[in-house]
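Spelled out from the first residue to the last, the chains are:
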Amino acid sequence: MNIRIFPDSQTGSVYAAAIVEYVIKSLPSPVLGLATGSTPIPLYEELVRFHKRGLSFAHVTTINLDEYVGLSASHPQSYHHFMYRHLFQHVDVRPDRTFIPDGSASDLAAECARYDDVIRNHPIDIQILGIGVNGHIGFNEPDSALKAHTHVVRLAKETIAANSRFFKPGEAVPVEAITMGLQSILLAKQILLLAFGEEKAEAVANAVYGDVRTSSPASVLQLHPNVTFVLDEAAAKLVLEREQAQASGSAR
Ligand code: F6R
């Protein structure tokens, strides 16, 4: 696991964008695994800037991690809408090459199976991840067992609370989502996990240190050979404290 610590989210996002740009430029048909939420927004802004300076997305395929159950693609808080607003409308990616689970499907089991076929047919070259305050990746929530493939998940109460900041007061916040499973995430050739802000510090430390465990779904990333955590100093707080303690211990 590589850990890169930056002074702030902006410089971390520029670093992540440069890695994504390299993948887009170096492969004939790059497949990007994408995340939503507040964390990757500066990364997408940077990619849009790269596009304005000539980076083409015409040969790119994108596969998103998740979508809320019960929201149509046109709902302003759906992840379809998020991706359109923050990335797709600003670049030349082909709409038929952007994949997001359909949270409004009448048969959700069939939709999960369809999405697993999409992932199988488009092996992901680089997966962008955020991390929940409880250590979820995608919406693979801490539980007694973890799931390999795309599935419908009941969101944890801390996830619903965190997501509620995007909804208007009084508006119903979704309690279920369709999410890619952990095997699909781990099959990506390269993974960049972005975490910014002190509220992520504990989830990051739990992912990086200790055993792989279901109480910290992000800890499964320890099993992957090419993962980079891109952190600001606040999200890296516990990592830095541990490094300092180790350094002063070995200096004694
Ligand atoms: C979103 C996703 C989630 C978020 C996580 C962090 O597609 O898969 O795992 O990355 O909930 O969300 P933010 O970035 O809003 O803190």
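Anyway, here's the lowdown on the structure attached to this text.

Side chains that are nonpolar tend, in soluble globular proteins, to be buried together. Val20, Leu43, Leu47, Leu87 and Leu192 are the most contacted members of the largest nonpolar core, which has 39 residues in total. Among the elements of the structure, helix H1 (9-26), strand E2 (31-34), helix H2 (41-52), helix H3 (79-86), strand E6 (126-129) and strand E9 (190-195) are those that each provide at least two residues to this core. Excluding anything up to four places from it in sequence, leucine 47 contacts Ala17, Val20, Phe57 and Leu87. Val31, Tyr115, Ile185 and Ala218 belong to the second-largest nonpolar core, a separate cluster that totals 32 residues.

Right, let's talk about the packing of H2 against H3 for a bit. Remark: H2 packs on H3, axes separated minimally by 10 Å, with the N-to-C direction vectors making an angle of 40 degrees. One element, H2, and the other, H3, form an angle in the oblique class. The segment H2 lies against H3, with Ile41, Tyr44 and Val48 engaging Phe82, Met83 and His86. For the contact of H2 with H3, the class distribution of residues is 5 nonpolar, 1 polar and no charged.

Before going further, it helps to spend a moment on the pattern of salt bridges. Evaluation of the coordinates by the stated rule reveals 9 salt bridges. For aspartate 96, the salt bridge goes to arginine 94, with nearest N and O atoms at 2.8 Å. In this structure arginine 94 comes out as partly exposed when scored by relative accessible area, which is 37%. In this structure, glutamate 176 engages arginine 154 in a salt bridge whose closest nitrogen and oxygen atoms are separated by 4.0 Å. Residue glutamate 176 is found in strand E8 (residues 176-179), and its partner arginine 154 is found in strand E7 (residues 151-154); the two are separated by 22 residues along the sequence.

Close contacts around the ligand come from 15 residues, with Thr39, Asp66, His136, Gly138 and Lys200 the closest. Protein coverage of the free-state accessible area of the ligand, which is 410 Å², stands at 94%. Taken together, the residues of the shell around the ligand sort by class into 4 nonpolar, 8 polar and 3 charged.

With that settled, the discussion passes to the sheet that holds strand E1 (residues 2-6). With respect to topology, 7 strands assemble into an open sheet ordered E1-E10-E9-E6-E2-E3-E5, the strand pairing being parallel. What marks the edges here is a single partner per strand, and that holds for E1 and strand E5 (98-99). Strand contacts of H1: E1, E2, E6, E9 and strand E10 (227-232), with the helix running at about 165 degrees to E9, the strand carrying the most contacts. Of the strands in this sheet, E1, E9 and E10 are in contact with helix H7 (residues 201-208), which crosses E10 at around 155 degrees.

Below, the discussion takes up the pairing of E7. The alternating pattern of E7 places His151 and Val153 on a buried face, while none of Val152 and Arg154, on the opposite face, is buried. Both E7 and E8 contribute to a ladder of 4 bridges, which runs antiparallel. Among the inter-strand pairings, valine 153 is bridged to a residue of E8, identified as alanine 177.

About the cut-offs
- Residues numbered from 1 in each chain as written.
- Predicted model: local features only at pLDDT ≥ 70, side-chain atom pairs only at ≥ 80, totals over all residues.
- Heavy atoms only, no water.
- Core = buried A, V, L, I, M, F, W, Y, C linked by side-chain atoms within 4.5 Å.
- Buried < 20%, exposed > 50% of the residue type's maximum accessible area, 1.4 Å probe, protein only.
- Helix = DSSP H or I, 4+ residues; strand = E, 2+ residues; numbered from the N terminus.
- Contact = heavy atoms within 4.5 Å.
- Axes fitted to C-alpha atoms, helices over the stretch in contact; angles between N-to-C directions.
- Parallel < 35°, antiparallel > 145°, perpendicular 65-115°, else oblique.
- Nonpolar A, V, L, I, M, F, W, Y, C, P; charged D, E, K, R; others polar.
- Salt bridge = Lys/Arg side-chain N within 4 Å of Asp/Glu carboxyl O.
- Near = heavy atom within 4 Å.
- Areas by Shrake-Rupley, 256 points an atom, 1.4 Å probe, with all protein chains shown as cover.
- Pairing = 2+ DSSP bridges.

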